[in-house]
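# Fold and contact review
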Amino acid sequence: QQTPFGWYDCPELDQARAVELTAESGAKIEPRLDEAMGRDTIARFIALALGAEMGISLALHGAPGMSLSDIPRQRLSIINLETVRAISQAAGQALDPLRFRGNLLIDGAPAFSEFDWVGRTIAVAGTRLEVESRITRCQATSVDLETGKRDIDLPKILMRGWDHADCGVYVETKNAGRLAPGDSLVFID
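Before going into details, it helps to say that this report is about the structure given with it.

## Some details on the packing of helix α2 (residues 81–91) against helix α3 (residues 154–162)
The geometry of α2 relative to α3 is characterised by a closest axis approach of 10 Å and an angle of 95° between their N-to-C directions. Between α2 and α3, the angle falls in the class roughly perpendicular. Across the interface between the two elements, Ala86, Ile87, Ala90 and Ala91 of α2 pack against Leu154, Ile157, Leu158 and Trp162 of α3. Along the lines of polarity and charge, the residues of the contact of α2 with α3 split into eight nonpolar, no polar and no charged.

Encoded structure:
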């Protein structure tokens with residue numbers, strides 16, 4: 001939901017219990033990750049999409065307590081919607097901010113200004129967040145979320161326009177808290 005100062009709260013993957021899969025026919029199913037039958041359904045769906053005739057055999061397994069991430073420790077990410085708008089303009093098409101898999105999306109800050117926050121502590125609704133580093137983007141962000149097809153070369157667009165391949169920042173949560181759309185971001189230091 002968009003708000004004037006647009007915080008968006010995206011659920012973390014560990015808390016997700018179901019995924020929505022859409023077949024080429026448009027049929028949708030929502031198998032559950034916490035049930036063996038749901039995991040089997042997801043594995044069969046992926047095998048069919050990849051081509052079962054190629055002899056692909058898949059199984060989906062859980063890894064409780066594990067984090068499969070681009071960084072060694074679990075962190076939240078902040079994506080600035082004005083940065084996404086600037087990248088969209090350079091790409092010549094509107095990009096869905098969800099392409100960047102952010103936990104928190106902000107609106108109202110100048111494009112790429114979040115990079116200046118590295119090393120600072122911010123707070124949202126009493127939750128302190130230490131801004132740790134910029135997020136270097138890989139080819140996964142070049143894929144359209146609706147079609148699953150690569151529609152742009154995002155790292156190349158970033159390099160061409162800004163001499164880096166970064167979008168968003170990683171933050172470490174310093175205390176527990178509950179965030180909601182419309183919460184304000186303040187700088188502590």
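## A look at the nonpolar core
Counting residues in each nonpolar core, the largest one holds 30 residues, and the members touching the most others are Ile78, Ile87, Leu95, Phe100, Leu154 and Val171. Put simply, the parts of the chain that give this core at least two residues each are β4 (76–80), α2, β5 (104–106), β6 (121–124), β7 (127–136), α3 and β8 (166–173). If one sorts the elements of this core by residue count, α2 sits on top with five residues. What isoleucine 78 contacts, discounting residues up to four positions off in sequence, is Leu104, Ile106, Ile122, Gly168, Val169 and Val171.

## Describing the pairing of β8
Counting buried residues along β8, seven of its eight residues qualify, which places the element largely inside the surrounding structure. With three bridges connecting them, β4 and β8 associate as antiparallel partners. From the neighbouring strand, serine 77 faces β8, where its bridge partner is tyrosine 170. With six bridges connecting them, β7 and β8 associate as antiparallel partners. Residue pairing for β8: leucine 129 is matched across the bridge by threonine 173.

## Focus on unusual backbone geometry
Here the phi dihedral of arginine 101 falls at roughly 50°; this positive angle occurs in a residue that is not glycine. Looking at where arginine 101 falls in the secondary structure, it is placed in the loop between α2 and β5. Unlike most non-glycine residues, alanine 125 shows phi in positive territory, near 50°. Inspection of the secondary structure puts alanine 125 in the loop between β6 and β7. By relative accessible area, which is 45% here, alanine 125 ends up partly exposed.

## A closer look at the environment of serine 88
Summarising the element assignment, serine 88 is placed in helix α2. Separated by 66 residues in sequence, serine 88 and leucine 154 have C-alpha atoms that sit 9.7 Å apart. If sequence neighbours within four positions are ignored, serine 88 has contacts with Gln93, Ala94 and Leu95.

## Observations regarding the packing of aromatic side chains
The final tally for this structure, using the stated rule, is three aromatic pairs. Note on phenylalanine 112 and phenylalanine 115: the rings are 5.6 Å apart at their centroids and 50° apart in plane angle, and the pair reads as tilted. Across the pair, phenylalanine 115 and phenylalanine 112 agree in class, each one buried. Each ring, one from phenylalanine 112 and one from tryptophan 162, has its centre 4.8 Å from the other, and the planes form 45°; the classification is tilted. Of this pair, phenylalanine 112 sits in the loop between β5 and β6 while tryptophan 162 sits in helix α3, and the two are 50 residues apart along the sequence.

Definitions and cut-offs
- Residues numbered from 1 in each chain as written.
- Predicted model: local features only at pLDDT ≥ 70, side-chain atom pairs only at ≥ 80, totals over all residues.
- Heavy atoms only, no water.
- Axes fitted to C-alpha atoms, helices over the stretch in contact; angles between N-to-C directions.
- Helix = DSSP H or I, 4+ residues; strand = E, 2+ residues; numbered from the N terminus.
- Parallel < 35°, antiparallel > 145°, perpendicular 65-115°, else oblique.
- Contact = heavy atoms within 4.5 Å.
- Nonpolar A, V, L, I, M, F, W, Y, C, P; charged D, E, K, R; others polar.
- Core = buried A, V, L, I, M, F, W, Y, C linked by side-chain atoms within 4.5 Å.
- Buried < 20%, exposed > 50% of the residue type's maximum accessible area, 1.4 Å probe, protein only.
- Pairing = 2+ DSSP bridges.
- Phe/Tyr/Trp six-rings, centres within 6.5 Å; stacked < 30°, edge-to-face > 60°.

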